[in-house]
Amino acid sequence: MAIDFTGCHVPLITPFRDDLALDEPGLRRLVNHFIEVEKVDGLVPCGTTGESPTLTNEEHDRVIEIVVEETGGRVPVIAGTGSNSTKEAIERTKHAEAAGADASLQVGPYYNRPTQDGLIAHFEAIADATALPLIIYNIPARTGRNIEPETIIRLAGIDNIVGVKDAANDLSQTMEIIGATGGGPEPFYVLAGEDAMTFASCCLGGHGAISAVANVIGREYTELCALAISGDVAGAREIHYRTLPLVKALFIESNPVPAKAALAMMGLPSGPPRLPLVPLSSNGEKVLRQALKEAGRI
């Protein structure tokens, strides 16, 4: 039976010790926290929020192994295994498949700035190399290249490309994708990747979110997605506006710096970010702490 990727999936931070080594017990604790306490619908290790650019290949593989093992099939694990090198993306994806991940998140190649034909060839090569369901991750603000709606729609025709994490911050593009891919026998999952857009995306026919702020307000964003998808627009809208100040505070500096600071304030495993990211500024800490207090999280 096909896995259902509807709902709110949390892109896990990667907790580090003070010496910046991987905090394996802390990671296991976070997995259980998000499943048992926050009740999220899925976990996404090694995404942007997991500081994947600063993980070694060995750490990257180990994080995915730990998350799959600790999750134990309770929720889907969508492993971040993308790269701007097609060869490396295939290698990381094959490892995730062997480790037991349920799907792979594939970021658009960054820095290279391939054409749309190059993007198609990149994702086709990865899809050919694995049986895992693939979710494309479109975040042009970080990659330098938008994956155009026509490209995503074309890729949706490949059997094991099952969705997109939509962080293009363009509702017209979101609507074009949903309008063209909806109504088939199997869903093509459109998951919001820009947290302030989650409510609108779900109301327009999207399927949920891969939400950085779910590291801090997982319960609220899981409920927001469920309400909006079920048609309770008023209930979802109330959560959207109630949590919006904290959502803004969680992006006061580069993600995942505020998220890691917030988790530390909440007494959860976190640790410092790795360079070139630096800890939250004193002003950012004041703003974030106040937003967490107002949200009832500390």
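Details of the structure are given in the entry above.
Scoring rules and cut-offs
Residues numbered from 1 in each chain as written. Predicted model: local features only at pLDDT ≥ 70, side-chain atom pairs only at ≥ 80, totals over all residues. Heavy atoms only, no water. Helix = DSSP H or I, 4+ residues; strand = E, 2+ residues; numbered from the N terminus. Rg over C-alpha atoms; globule rule 2.2 N^0.38 Å. Buried < 20%, exposed > 50% of the residue type's maximum accessible area, 1.4 Å probe, protein only. Lys, Arg positive; Asp, Glu negative; His and termini not counted. Charge placed at Lys NZ, Arg CZ, Asp CG, Glu CD. Phe/Tyr/Trp six-rings, centres within 6.5 Å; stacked < 30°, edge-to-face > 60°. Lys NZ or Arg CZ within 6 Å of the ring centre and 35° of its normal. Salt bridge = Lys/Arg side-chain N within 4 Å of Asp/Glu carboxyl O. Pairing = 2+ DSSP bridges. Axes fitted to C-alpha atoms, helices over the stretch in contact; angles between N-to-C directions. Contact = heavy atoms within 4.5 Å. Core = buried A, V, L, I, M, F, W, Y, C linked by side-chain atoms within 4.5 Å.

A.B. asks: Just to check I follow, could you spell out the overall build of the protein for this structure?
C.D. replies: The secondary structure content of the protein amounts to twelve helices and eight strands. The C-alpha atoms of the protein give a radius of gyration of 18 Å, which matches the 19 Å a tight globule of 298 residues would have. Expressed along its principal axes, the backbone C-alpha trace of the protein runs to roughly 45 × 45 × 35 Å. Counting across all 298 residues of the protein, residues that qualify as buried make up 55%. Placing the 24 positive and 38 negative side-chain charges of the protein at their respective mean positions leaves the two points 6 Å apart.

A.B. asks: What exactly am I supposed to notice about the packing of aromatic side chains here?
C.D. replies: Given two aromatic rings, their pairing is described by the distance between the two centres and the angle made by the two planes. On inspection of all chains with the given rule, the structure shows one aromatic pair. Here the aromatic rings of F5 and Y189 are separated by 5.6 Å at their centres, their planes lie at 85°, and the arrangement is edge-to-face. One end of the pair, F5, is in the segment before β1 (7-11); the other, Y189, is in strand β7 (residues 189-192), with 184 residues separating them in the sequence. The burial state of F5 is the same as that of Y189; both residues are buried. The ring of Y137 carries the charged tip of K165 above its face, separated from the ring centre by 4.1 Å.

A.B. asks: What exactly am I supposed to notice about unusual backbone geometry here?
C.D. replies: Peptide bonds are, in most cases, trans, and in most cases residues other than glycine have a negative phi. With omega at 10°, the peptide bond leading from N255 into P256 counts as cis. Positionally, P256 belongs in the loop between α10 (233-249) and α11 (257-265). In the segment running from L275 into P276, the intervening peptide bond is cis, with an omega of 15°. Residue placement: P276 occurs in the loop between α11 and α12 (282-294). The phi torsion at C46 lies on the positive side, around 65°, for a residue other than glycine. Summarising the element assignment, C46 is placed in the loop between β2 (42-44) and α2 (57-71). The backbone of R113 sits at a positive phi, close to 55°, despite the residue not being glycine. Along the chain, R113 turns up in the loop between β4 (103-107) and α4 (116-129).

A.B. asks: What's the story with the pattern of salt bridges in this structure? I'm lost.
C.D. replies: Pairing is possible between side chains that carry opposite charge, provided their charged atoms lie close to one another. Applying the stated criterion across every chain, the model contains 15 salt bridges. Across the salt bridge formed by R62 and E24, the nearest N and O atoms sit 3.2 Å from each other. Separated by 38 residues along the polypeptide, R62 in helix α2 and E24 in helix α1 (residues 24-37) bring together distant segments of the chain. The exposure class assigned to R62 is partly exposed, which follows from its relative accessible area of 27%. Its relative accessible area of 27% is what places E24 among the partly exposed residues.

A.B. asks: Help me understand the sheet that holds β2, please; the structure alone is not making it clear to me.
C.D. replies: Strand pairing within a sheet occurs via backbone hydrogen bonds; the two strands may be parallel or antiparallel. Strand order in the open sheet made by the eight strands is β2-β1-β8-β7-β6-β5-β4-β3, with parallel pairing throughout. Of all strands in the sheet, those with a lone pairing partner are β2 and β3 (78-80), marking the two edges. Neighbour-to-neighbour, the strand axes of the sheet open up by a mean angle of 30°, direction not taken into account. With four bridges joining them, strand β6 (residues 161-166) and β7 adopt parallel strand pairing.

A.B. asks: Help me understand the side chain of N138 in this model?
C.D. replies: With respect to the helices and strands, the residue N138 is situated in strand β5 (residues 134-138). N138 gets classed as buried once you look at its relative accessible area, which sits at 1%. The contacts of N138, once residues within four sequence positions are left out, are R145, N146, I147, I152, V164, K165, D166, A167, A168 and Q173.

A.B. asks: Any chance you could explain the nonpolar core here in plain terms?
C.D. replies: Nonpolar side chains tend to gather and get buried jointly when the protein is soluble and globular. Formed by 58 residues in total, the largest nonpolar core has its most connected members in L12, L43, V67, V216, L246, L288 and L292. Elements with a minimum of two residues in this core: β1, α1, α2, α8 (198-203), α9 (214-230), α10, α11 and α12. Among the elements that line this core, the one with the most residues is α9, at eight residues. With residues near it in sequence (within four places) discarded, L246 still touches V216, I217, L288, A291, L292 and A295.

Fair warning: the whole summary comes from geometry, so function is off the table for now.
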